[in-house]
Amino acid sequence: LKLVIYTLARKTEIRFVEWKEVEDLEGREPIWRIPKERMKMRRHHLVPLSPQAVEVLLELRKMTGKGQYIVSAPTKTGVISENTMLYAIYRMGYHSRATSHGFRTTASTVLNEQQFNRDWIEMQLAHFDGSVRGIYNAAEWLPGRRDMMRWWGEFVSDTLKKQKRHAA
């Protein structure tokens, strides 16, 4: 769930992340390269990774780093089931009030309210412009998206820390 929140990727994209797709985890510009075969729109997708996403991936690497998938499981597909994240949300007390996809909606709203470039937001969500502009424009906006996702990661982490303090 943290990876959905910190990357804004869809749960299916997260479920099937292979370690070979994640690059430069301990470097200056960590990135996740999702092949087009796994994307909803059948276009490759680059996901700049915030420090918080990298932290989650480094923890997962300790558990699953020798395998093919970052969230491997003893299932037919070799990864967690399509309902695992939803059931986790239910166990946290958010039954009928939240979904993993809803995190993407929240992020889009917050990032737009913060006046980040809408092209960066839509690209991070892997929403492609089907207009003539979108057909000709192959920009990835990685520097801006990297800054945006760094801000988003800090915003989410700070919000969670504040909620933990108030709950205690």
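For the structure itself, consult the block above.
Let us look at the structure shown here. All of these numbers come straight from a predicted model, not from anything done at the bench.

This paragraph deals with the packing of aromatic side chains. A complete count under the given rule lists five aromatic pairs for this structure. Between Trp-151 and Phe-155, the ring centres sit 5.1 Å apart and the planes meet at 10 degrees, which makes this aromatic pair stacked. Here Trp-151 pairs with Phe-155, and both are found in helix H8 (residues 142-167), just four residues apart, close to one helical turn. Looking at Trp-151, the relative accessible area reads 25%, which means it is partly exposed. Of the residues examined, Phe-155 reaches a relative accessible area of 33% and is grouped as partly exposed. The structure contains a cluster of three or more aromatic residues connected by ring pairs, namely Phe-116, Trp-151, Trp-152 and Phe-155.

Nonpolar side chains in soluble globular proteins tend to end up buried together. Ranked by size, the top nonpolar core spans 39 residues in total, and within it Leu-3, Trp-32, Leu-49, Leu-57, Ile-70 and Trp-152 carry the most contacts. Listing elements by their share of this core, those giving two or more residues are helix H1 (2-7), strand S2 (31-34), helix H3 (51-64), helix H5 (100-113), helix H6 (118-124) and H8. Of the residues forming this core, the biggest block, five residues, is contributed by H3.

Overall, antiparallel pairing links the three strands, which are arranged S1-S2-S3 in an open sheet. Across the chains shown, the open sheet's two edge strands, defined by having one partner strand only, are strand S1 (22-23) and strand S3 (45-48). Sheet topology note: the S2/S3 ladder contains four bridges and is antiparallel. Bridge pairing links Ile-34 to His-45 in S3.

Its 14 residues place the ends of H5 21 Å apart at the C-alpha level, agreeing with the 20 Å of an ideal helix rising 1.5 Å per residue. Among the residues of H5, those classed as buried are Ser-100, Arg-104, Ala-107, Ser-108, Val-110 and Leu-111. Backbone geometry just downstream of H5 places Gln-115 in the positive-phi region, at approximately 65 degrees.

We now examine the layout of surface pockets. Within this model, the largest pocket holds a volume of roughly 1,300 Å³. Residue lining of the largest pocket: 36 residues in total, with Leu-1, Lys-2, Ile-5, Val-156 and Leu-160 positioned closest to the centre. Contributions of two or more residues to the lining of the largest pocket are made by H1, H3, helix H4 (84-94), H5 and H8. By residue number, the principal contributor to the lining of the largest pocket is H8, which donates nine residues. Of the residues belonging to the lining of the largest pocket, the class tally is 22 nonpolar, eight polar and six charged.

Scoring rules and cut-offs
- Residues numbered from 1 in each chain as written.
- Predicted model: local features only at pLDDT ≥ 70, side-chain atom pairs only at ≥ 80, totals over all residues.
- Heavy atoms only, no water.
- Phe/Tyr/Trp six-rings, centres within 6.5 Å; stacked < 30°, edge-to-face > 60°.
- Helix = DSSP H or I, 4+ residues; strand = E, 2+ residues; numbered from the N terminus.
- Buried < 20%, exposed > 50% of the residue type's maximum accessible area, 1.4 Å probe, protein only.
- Core = buried A, V, L, I, M, F, W, Y, C linked by side-chain atoms within 4.5 Å.
- Pairing = 2+ DSSP bridges.
- Expected span 1.5 Å × (residues − 1).
- 1 Å grid on protein atoms, 1.4 Å probe; cavity = no way out; pocket = protein on both sides within 12 Å on 5 of 7 lines; lining within 4 Å.
- Points joined across faces, edges and corners; volume = space filled by probe spheres on them.
- Nonpolar A, V, L, I, M, F, W, Y, C, P; charged D, E, K, R; others polar.

Everything listed is a geometric property; what it means functionally is a separate question.
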